[in-house]
Amino acid sequence: MEIRKSHVVRFLALSTFAVAFSIQASAQTIKIGVNEPLTGAFAASGTYVVNGAKIAADEINAKGGVLGKKLELVIEDNKSNPTEAAAVAEKLISGDKVPVMMGAWGSSLTLAVMPKLMEYKVPMLVETSSSGKITTMGNPYIFRISPPSSIEEAAFKPMIPKLGIKKVDFLVINNDWGRGTADDFRKLFKEEGVEVGLVEIMDQSAQDMSAQLSKIKSSNADTLIVTTAVEQLTLVLKQANALGIKKQIITTGGSQNPDQLIDQAGTAANNSMHLTTFLPWLPDDTPNPDVTRSFLAEWKKRGFEFAGSTESFRGYDGIRTIAAAIEKAGKAEPAAITDAFWQINVNGLNGTIKFEKSGPAGKESGQSRPNVYLIKIVDGKVTHPKI
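Notes on the structure in this doc start here.

**With respect to unusual backbone geometry**
Note: most peptide bonds trans; most residues except glycine with negative phi. Ala104 follows Gly103 through a cis peptide bond whose omega is -5°. Mapping Ala104 onto the fold places it in the loop between β3 (101-103) and α4 (107-120). With a phi close to 60°, Lys79 is a non-glycine residue in the positive phi region. Position of Lys79 among the secondary structure elements: in the loop between β2 (70-77) and α3 (82-95). Its identity as a non-glycine residue notwithstanding, Lys97 has a phi of 60°, on the positive side. On the secondary structure map, Lys97 appears in the loop between α3 and β3.

**Concerning the pattern of salt bridges**
On inspection of all chains with the given rule, the structure shows 19 salt bridges. Between Arg293 and Asp284 there is a salt bridge, with its nearest N and O atoms 2.2 Å apart. With relative accessibility at 38%, the residue Arg293 sits in the partly exposed group. Owing to a relative accessible area of 58%, Asp284 belongs among the exposed residues under this scheme. Asp290 is the partner of Arg293 in a salt bridge, and the nearest nitrogen-oxygen pair spans 3.5 Å. One end of the pair is Arg293 and the other is Asp290, both in helix α11 (residues 289-301) and 3 residues apart, which spans about a single turn. In the salt-bridge network here, residues are joined through shared partners; they are Asp58, Glu298 and Arg302.

What counts, and at which threshold
- Residues numbered from 1 in each chain as written.
- Predicted model: local features only at pLDDT ≥ 70, side-chain atom pairs only at ≥ 80, totals over all residues.
- Heavy atoms only, no water.
- Helix = DSSP H or I, 4+ residues; strand = E, 2+ residues; numbered from the N terminus.
- Salt bridge = Lys/Arg side-chain N within 4 Å of Asp/Glu carboxyl O.
- Buried < 20%, exposed > 50% of the residue type's maximum accessible area, 1.4 Å probe, protein only.

Here it is, written out as structure tokens:
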């Protein structure tokens, strides 16, 4: 009897939820949930993403909106915490009745949200997270425009011999993003005949990495792969420099914000290399130079620092992609938007956004394939070496 009662309660809850989305579809605006870290360890990056999202929404609304309605971004802070990210998703879906979301920056944050998408059958555009698990776990409501570490790895593969890498160490953040990157790149290096040495981890709140870096200094690896957000990466570069580490340092994840590194790490950032997915320093090297220049001009007009553009473009492209899916769907309802994501092509800042199937058959997630670039900081400036 109790089991039957719980099924009835569940049915009634979902029925109420469906009616709520019907009401949202007839509202004067179309809500898009934005689940990002605005405080905590990833606050700087999350804020950049949100500001990019606002530019996209404003541009779209200035042209008449979508389906004759203005877009309304419902922005919530997940506090760089997986538990908070899941709670934010619940609030956006159940409370604000959003038919689609964008989020949640970090891989651990996105993974925490994913069960809510399955529960309520609401799609989410993933703008930053890179853990391979996100698009291989069988969640058909995930559509990612950022590269998983496997795409970064494939782009990096032909660069390995040109960079002269013979033995590599890792220093990665202790979460799904960092550990996943180490796993993917470790396999790549072994396949390419590169010896893998130390794999050191650091908690996301850690500020002193001298113990890990001292071990790395003592190893005979010629290259150090680092994966973490810009705030912690700044500390890593400064501490590595203070210890006299001479290995070539290469970072992954596309969230390094090289201009911020130059500003805050100073000369310690020199000669470091970074895998990134946007080249705002060199608009002519991007797939859509005119779109890039237009976005950067608006970013500057709003008084934002240029450094933030390496993150903000994700929010910009994310909202534009969601808007294209809503337009294609013809209505602001979760099921229609989910179906429409598979049918769109968006002229993004980093190439065409088009989703390919990834994951178990019948439960595939969508994965776009952005360009990946290797940049190098030389004498306090960002360069794009032709490797």
